[in-house]
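Summary of the model geometry
Here is how the chains run, residue by residue.
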Amino acid sequence: MGEKVKKPLWKKWWFWVIIVIVIGAIANAGEKEEAKPTTATPEQQQAQAQPQPQAQTSETPQAQPEQKKEEPQNKPTISKAEFDQIQNGMTYEEVVKIIGGEGELLSETGTKGDPAHTVMYKWDGEGDIGANANAMFQGGKMINKSQFGLK
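Described in the following lines is the structure provided in the data block. Just so you know, these numbers come straight off a predicted model, no measurement behind them.

**Observations regarding the sheet that holds strand β2 (residues 118-124)**
With respect to topology, 4 strands assemble into an open sheet ordered β1-β2-β3-β4, the strand pairing being antiparallel. The two strands at the open ends of the sheet, each matched to only one other strand, are β1 (104-109) and β4 (141-150). For this sheet the average axis-to-axis angle between neighbouring strands, irrespective of direction, equals 15°. With 5 bridges joining them, β1 and β2 adopt antiparallel strand pairing. Across the sheet, residue Leu-105 finds its bridge partner in β2, namely Tyr-121. Across the face of the sheet, helix α4 (residues 92-99) comes into contact with β2, β3 (127-138) and β4 while running at roughly 5° to β2.

**A closer look at the packing of aromatic side chains**
As enumerated under the stated definition, the model contains 6 aromatic pairs in all. Aromatic side chains Tyr-92 and Tyr-121 sit 4.2 Å apart centroid to centroid with 25° between the ring planes, which places their arrangement in the stacked category. Taken together, the residues span a long stretch of sequence, with Tyr-92 in helix α4 and Tyr-121 in strand β2 at a distance of 29 residues. Grouping residues by exposure puts Tyr-92 and Tyr-121 together as buried. Ring centres of Tyr-92 and Phe-137 lie 5.7 Å apart, and the angle between their planes is 85°; this geometry places the pair in the edge-to-face category. Here Tyr-92, found in helix α4, pairs with Phe-137, found in strand β3; they are 45 residues apart in sequence, far enough to count as distant. What makes Tyr-92 buried here is its relative accessible area of 13%.

**Topic: a nonpolar patch on the surface**
Together, Leu-9, Trp-13, Trp-14, Val-17, Ile-18, Ile-21, Val-22 and Ile-26 line one region of the surface with nonpolar side chains, adding up to about 840 Å² of accessible area. Positionally, Val-22 belongs in helix α1 (residues 13-30). Residue classification places Val-22 among the partly exposed positions, given a relative accessible area of 41%.

**Considering the pairing of β2**
The pairing of β2 with β3 spans 7 bridges and is classified as antiparallel. Among the inter-strand pairings, Lys-122 is bridged to a residue of β3, identified as Asn-134. In textbook terms, the turn of a hairpin is the stretch between consecutive antiparallel strands, and for β2 and β3 this stretch comprises 2 residues.

**What to know about the nonpolar core**
Buried together is how nonpolar side chains tend to be arranged in soluble globular proteins. Ranked by internal contacts, the top residues of the largest apolar core, which has 18 residues, are Ile-78, Ile-86, Val-95, Trp-123 and Phe-137. Counting only elements with at least two residues in this core, the list comes to α4, β2, β3 and β4. In terms of residue count, the dominant contributor to this core is α4 (5 residues). Among residues more than four places away in sequence, those in contact with Val-95 are Ile-86, Met-90, Trp-123, Phe-137 and Met-142.

Scoring rules and cut-offs
- Residues numbered from 1 in each chain as written.
- Predicted model: local features only at pLDDT ≥ 70, side-chain atom pairs only at ≥ 80, totals over all residues.
- Heavy atoms only, no water.
- Pairing = 2+ DSSP bridges.
- Helix = DSSP H or I, 4+ residues; strand = E, 2+ residues; numbered from the N terminus.
- Axes fitted to C-alpha atoms, helices over the stretch in contact; angles between N-to-C directions.
- Contact = heavy atoms within 4.5 Å.
- Phe/Tyr/Trp six-rings, centres within 6.5 Å; stacked < 30°, edge-to-face > 60°.
- Buried < 20%, exposed > 50% of the residue type's maximum accessible area, 1.4 Å probe, protein only.
- Patch = residues over 30% accessible without salt bridge, like charges linked within 9 Å, V, L, I, M, F, W, Y side chains within 5 Å.
- Areas by Shrake-Rupley, 256 points an atom, 1.4 Å probe, with all protein chains shown as cover.
- Salt bridge = Lys/Arg side-chain N within 4 Å of Asp/Glu carboxyl O.
- Core = buried A, V, L, I, M, F, W, Y, C linked by side-chain atoms within 4.5 Å.

In structure tokens form, the structure reads like this:
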């Protein structure tokens, strides 16, 4: 009689189920855990809500230094709205001011100061994964721009 030939391990359905579970576990282990909100007792909530009395001293109260409100800074990434603001003919400095950060130099040809000197910069974008924008400058002025995935 003929012998039954065993299937290789990788051809069995349960092998692939185990592989998927292991990959999922590894992916989940890499994610950061979110902080769990703490719950306060009613006494703790009441104590937090009541203003604490200040100790009275014979000295004159010192003025506390004013805390400066930090204005939201423009991220060094580019949004679709910022991309739409930049126009051909702008200098690199004008583009950087709109975007809020320097671009990554991708390519450069020619000699600086020469009218044919051409440089291309890339900015990471706000939006989908891989979102970015490129701008090409020739003779110090932007001549072309392109974007992918900006929101």
